[in-house]
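Spelled out, the chains give:
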Amino acid sequence: MFADPSKATAGPKPRGIDPAVFRQVGRLVTRVHKEEGIKLPPDAVLDEQADAYNALLARAEDPSDTDELMALLAWLEARLKKRLRAATEEPGTGKQQA
């Protein structure tokens, strides 16, 4: 009547961070902020990197496909620039200037 718990499957295995893609996202975040004249403290850079990486995964059809993620870096760069420019043009709506 009851299923044997020892035969239950654990479900989908959690996906780990792809170090190569995460590094590329970090470089992108740092470069774009520098180009836009925004200086971030180190912990804020890591927060931005993590947010950008998560946005990249959400955009991908197959988040485990490194080639697809790398191809989406151009989209991520455009998105980040647009957000930072909007925040600069409308103070109080985005990132604070250092």
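Now for a description of the structure that goes with this document.

Reading the values: rules and limits
Residues numbered from 1 in each chain as written. Predicted model: local features only at pLDDT ≥ 70, side-chain atom pairs only at ≥ 80, totals over all residues. Heavy atoms only, no water. Helix = DSSP H or I, 4+ residues; strand = E, 2+ residues; numbered from the N terminus. Expected span 1.5 Å × (residues − 1). Contact = heavy atoms within 4.5 Å. Buried < 20%, exposed > 50% of the residue type's maximum accessible area, 1.4 Å probe, protein only. Axes fitted to C-alpha atoms, helices over the stretch in contact; angles between N-to-C directions. Parallel < 35°, antiparallel > 145°, perpendicular 65-115°, else oblique. Left-handed = near helix turned anticlockwise from the far one by under 90°. Salt bridge = Lys/Arg side-chain N within 4 Å of Asp/Glu carboxyl O.

### Considering helix α2 (residues 42-59)
(1) Moving on: For α2, built from 18 residues, the straight-helix expectation of 26 Å at 1.5 Å per residue is met to within 8% by its first-to-last C-alpha distance of 26 Å.
(2) Moving on: Looking at the buried side of α2, the elements it contacts are α1 (19-35), α3 (66-71) and α4 (73-89).

### Regarding the environment of A78
(1) Moving on: Among the secondary structure elements, A78 is positioned in helix α4.
(2) Moving on: According to the relative accessible area criterion, A78 is partly exposed, its value standing at 46%.
(3) Moving on: Separated by 46 residues in sequence, A78 and V32 have C-alpha atoms that sit 9.5 Å apart.

### Some remarks on the side chain of H33
(1) Moving on: Within the element layout of this structure, H33 appears in helix α1.
(2) Moving on: In this structure, H33 is in contact with I38, L40, E48, L80 and L84, ignoring residues within four places of it in sequence.

### Focus: the packing of α2 against α4
When two helices pack together, you describe them by how their axes are tilted relative to each other and by the distance separating the axes.
(1) Moving on: Where α2 contacts α4, the axes come no closer than 10 Å and their chain directions differ by 130°. Here α2 lies oblique to α4, going by the angle between them. Crossing of α2 over α4 shows right-handed handedness. Here α2 contributes E48, A52, A55, L56 and R59 to the contact with α4, which in turn contributes L73, W75, L76, R79, L80 and R83.

### Describing the pattern of salt bridges
(1) Moving on: On inspection of all chains with the given rule, the structure shows 6 salt bridges.
(2) Moving on: Note that R31 is salt-bridged to E35, the shortest N-O span being 3.1 Å. One end of the pair is R31 and the other is E35, both in helix α1 and 4 residues apart, which spans about a single turn.
(3) Moving on: Judged by relative accessible area, R31 falls into the partly exposed class, the value being 35%.
(4) Moving on: We note a salt bridge from E48 to R83, for which the minimum N-O separation is 2.8 Å. Separated by 35 residues along the polypeptide, E48 in helix α2 and R83 in helix α4 bring together distant segments of the chain.

### Remarks on the environment of G37
(1) Moving on: In this structure, G37 sits in the loop between α1 and α2.
(2) Moving on: When the C-alpha positions of G37 and T88 are compared, they lie 9.7 Å apart, and in sequence the two are 51 residues distant.

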